[in-house]
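Structure at a glance
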Amino acid sequence: MRETINGADLRRMIISAAAAIEINKQALNELNVFPVPDGDTGTNMSMTINSAASDLRKTEDPDLEKASKVAASAMLRGARGNSGVILSLLFRGISKRLKGSEECDGVLWAQALQEGVDAAYKAVMKPAEGTILTVARLSAAKAADAARENNFIEFVHEAAIEEAVKALADTVNQNPVLKKAGVVDAGGKGWVVALEAMLSALQGEDVVLPENGAVTQTKQSADFSDFNTEDITFSYCTEFIISRENDHDPENLRAFLSELGDSLVLVDDDEIIKVHVHTNHPGKALEEALTYGALSNLKIENMKEQHKKAAELNNANRAAYEAAQASKEEKETLKPVSPEEELGFVSVAAGDGLRALFEELGCAQVVSGGQTMNPSTEDILAAIQSVPAKTVFVLPNNK
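Figured I'd write up the structure that's included with this text. (Residues numbered from 1 in each chain as written. Predicted model: local features only at pLDDT ≥ 70, side-chain atom pairs only at ≥ 80, totals over all residues. Heavy atoms only, no water.)

Regarding the overall build of the protein chain
As a reminder of what qualifies: Segments assigned H or I by DSSP are reported as helices when at least four residues long, segments assigned E as strands when at least two residues long, and all are numbered from the N terminus. Per-residue accessibility, obtained with a 1.4 Å probe over protein chains only, is compared with the maximum for each type, and a residue is labelled buried under 20%, exposed over 50%, and partly exposed between these values. Contacts: residue pairs with any heavy atoms within 4.5 Å of one another. Only the protein chains shown count as cover for residues, and all accessible areas are computed by the Shrake-Rupley method using a 1.4 Å probe.
In terms of regular secondary structure, the protein chain is built from 15 helices and seven strands. Counting every position in the protein chain, which comprises 399 residues, the buried fraction comes to 48%. For the protein chain, contacts bridging at least 24 residues in sequence account for 74% of all contacts bridging at least 6. About 18,600 Å² of surface is accessible on the protein chain, with carbon and sulfur atoms providing 48% of the total.

Here it is, written out as structure tokens:
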């Protein structure tokens, strides 16, 4: 049984967790009904943690502090969705506690898990029970109990997983939305998947992506058709990063956004402020945010449209639906055209809201993508060639 871990171990553990969440992302998507039934929790958690895995793979022989810092920084900047931001906060707290340490034993690991929980609860405006927060909190408390019994990190981590599994099973009884759907919390399930994969790496059995890219389907899934889109009070999931350019207090921004919507998660460090909020007025949120600094990584998605598509998946045969979509996409492949105009524009944007804005501004083609989910060069080239212009300007929204 492992007594301690170092930077190389933590690096492997996080990369293993990223692979496991990627494998299970569709299963997590099929569980998601809270805070809104949009079916994207697995995708958001996968993109968030894989941003860390990507940076860690580029970091050779990191010590413990370096590995945790690289992961936390990458996840904060790459965080997507409510679940992704909370996941990034859990690792941010872990990084904060591991600062200055060369090795991590069971006691320190339990403290790091608790630090992550504290960071997540502090950033979430209205914490709800029966979510990833509950699962993380109870598992961290169990880890602390285990550390008093045995200081080996493997023993402590196993205890944390055991409690996380129990807490996850109980989420269906704690949250009325989950109770209605008859499923456990998707974010909480994602945290359990991450913890289990980290243990596997700790024991020398790293989780790796299969060559065929196969993903796990869940035996338990939510019926999104049971939910009415009218139940979604705030329509637009709005996310962005602010580059801090003045000494304005982020708590004032938190207060402003809390009046503008719900599901608010705001976290800041010395360089940036990361925001996730559900609102009916994303423009007002962005306008206020600009008083703190320049914006980047903007994403605005219409959650009612997301829910509608998720419900369609439930109402139709999933395999038939996906086959029809693939056929439709094949038929709609962009075709090169002859240049008839002087100028044209192609933009890369994430989400229906930003797509609509760019189209209104005159972009002939909008390619879906953004930070952590960049489109291929081929996708951009196809869009350029489909614009009937002699000169095409591309707005990649990425350096």
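We are not done yet, so read on.
Some remarks on the sheet that holds strand 6 (residues 365–368)
Put simply, the rule reads: Being paired, for any two strands, means DSSP has found at least two bridges between them. To get an axis, fit a line to the C-alpha atoms, keeping to the stretch in contact for a helix; angles then go from 0 to 180 degrees between the N-to-C directions.
Across the sheet, three strands lie side by side as 6-5-7; this open sheet has parallel pairing. Two strands close off the open sheet at either side, each with one partner strand: strand 6 and strand 7 (389–395). The average angle at which neighbouring strand axes cross in this sheet is 20 degrees, direction not considered. Here four bridges tie strand 5 (residues 341–349) to strand 6, and the two strands are oriented parallel to one another. What sits directly across from Ser347, in strand 6, is Val366. This element, helix 14 (residues 352–360), spans strand 5, strand 6 and strand 7 of the sheet and lies at about 160 degrees to strand 6.

Notes on the side chain of Asn44
Test applied: In the analysis that follows, any N or O atom pair within 3.5 Å is treated as a polar contact, provided that within protein one partner can donate a hydrogen and the other can accept it, and provided that, for residues neighboring in sequence, both atoms belong to side chains.
Among the secondary structure elements, Asn44 is positioned in helix 2 (residues 41–57). On the accessibility criterion, Asn44 (3% relative accessible area) is buried. In terms of polar contacts, Asn44 uses its side chain to reach the side chain of Arg80, at 3.4 Å.

Describing the environment of Asp262
By secondary structure assignment, the location of Asp262 is in strand 2 (residues 261–268). Between the C-alpha atoms of Asp262 and Lys126, which are 136 residues apart in sequence, the distance is 8.2 Å. The contact partners of Asp262, leaving out residues within four places of it in the chain, are Phe234, Val277 and His278.

Some remarks on the pattern of salt bridges
Threshold: We define a salt bridge as a contact between a side-chain nitrogen of Lys or Arg and a carboxyl oxygen of Asp or Glu at a distance within 4 Å.
For the structure on display, the rule yields 16 salt bridges. Here Arg148 ties to Asp145 by a salt bridge, and the two come within 2.3 Å at their closest N and O atoms. Here the residue Arg148 and the residue Asp145 both occupy positions in helix 6 (residues 132–149), the gap between them amounting to three residues, near one helical turn. Salt-bridge contacts for Arg254 lead to Glu251; the nearest nitrogen and oxygen are separated by 3.0 Å. Of this pair, Arg254 and Glu251 both sit in helix 10 (residues 250–260), three residues apart, which is roughly one turn of that helix. Taken together, the shared-partner salt bridges in this structure form one network comprising Arg2, Asp9, Arg12 and Asp206.

Let's talk about a negative patch on the surface
To keep it simple, the criterion reads: Two joining distances apply to patches: 9 Å for like charges and 5 Å for nonpolar side chains (Val, Leu, Ile, Met, Phe, Trp, Tyr), and every residue must have over 30% relative accessible area and no salt bridge. Residues scored as positive are Lys and Arg, those scored as negative are Asp and Glu, and His as well as the terminal groups of each chain are ignored. Where a charge lies is defined by one atom per residue type: Lys uses NZ, Arg uses CZ, Asp uses CG and Glu uses CD.
A contiguous patch of negative charge on the surface is contributed by Glu3, Asp63, Glu102 and Glu103. Mapped onto the secondary structure, Asp63 falls in the loop between helix 2 and helix 3 (64–78).

Considering the nonpolar core
Test applied: In this text, buried Ala, Val, Leu, Ile, Met, Phe, Trp, Tyr and Cys residues form a nonpolar core when linked through side-chain atoms within 4.5 Å.
One finds Ile14, Ile49, Phe91, Leu98, Trp109 and Trp191 to be the most contacted residues of the largest nonpolar core, which totals 76 residues. Looking at which element gives the most residues to this core, the answer is helix 9 (residues 186–202), with 11 residues. In terms of nonpolar packing, the next biggest core, distinct from the first, is built from 20 residues, Leu253, Leu264, Ile273 and Phe358 among them.

Description of unusual backbone geometry
The backbone phi angle of Asp61 is positive, close to 45 degrees, even though this residue is not glycine. Secondary-structure assignment places Asp61 in the loop between helix 2 and helix 3. Judged by its relative accessible area of 74%, Asp61 is exposed. One non-glycine residue, Asn297, lies in positive phi territory at about 55 degrees. Along the polypeptide, Asn297 turns up in strand 4 (residues 295–302). Residue classification places Asn297 among the partly exposed positions, given a relative accessible area of 26%.

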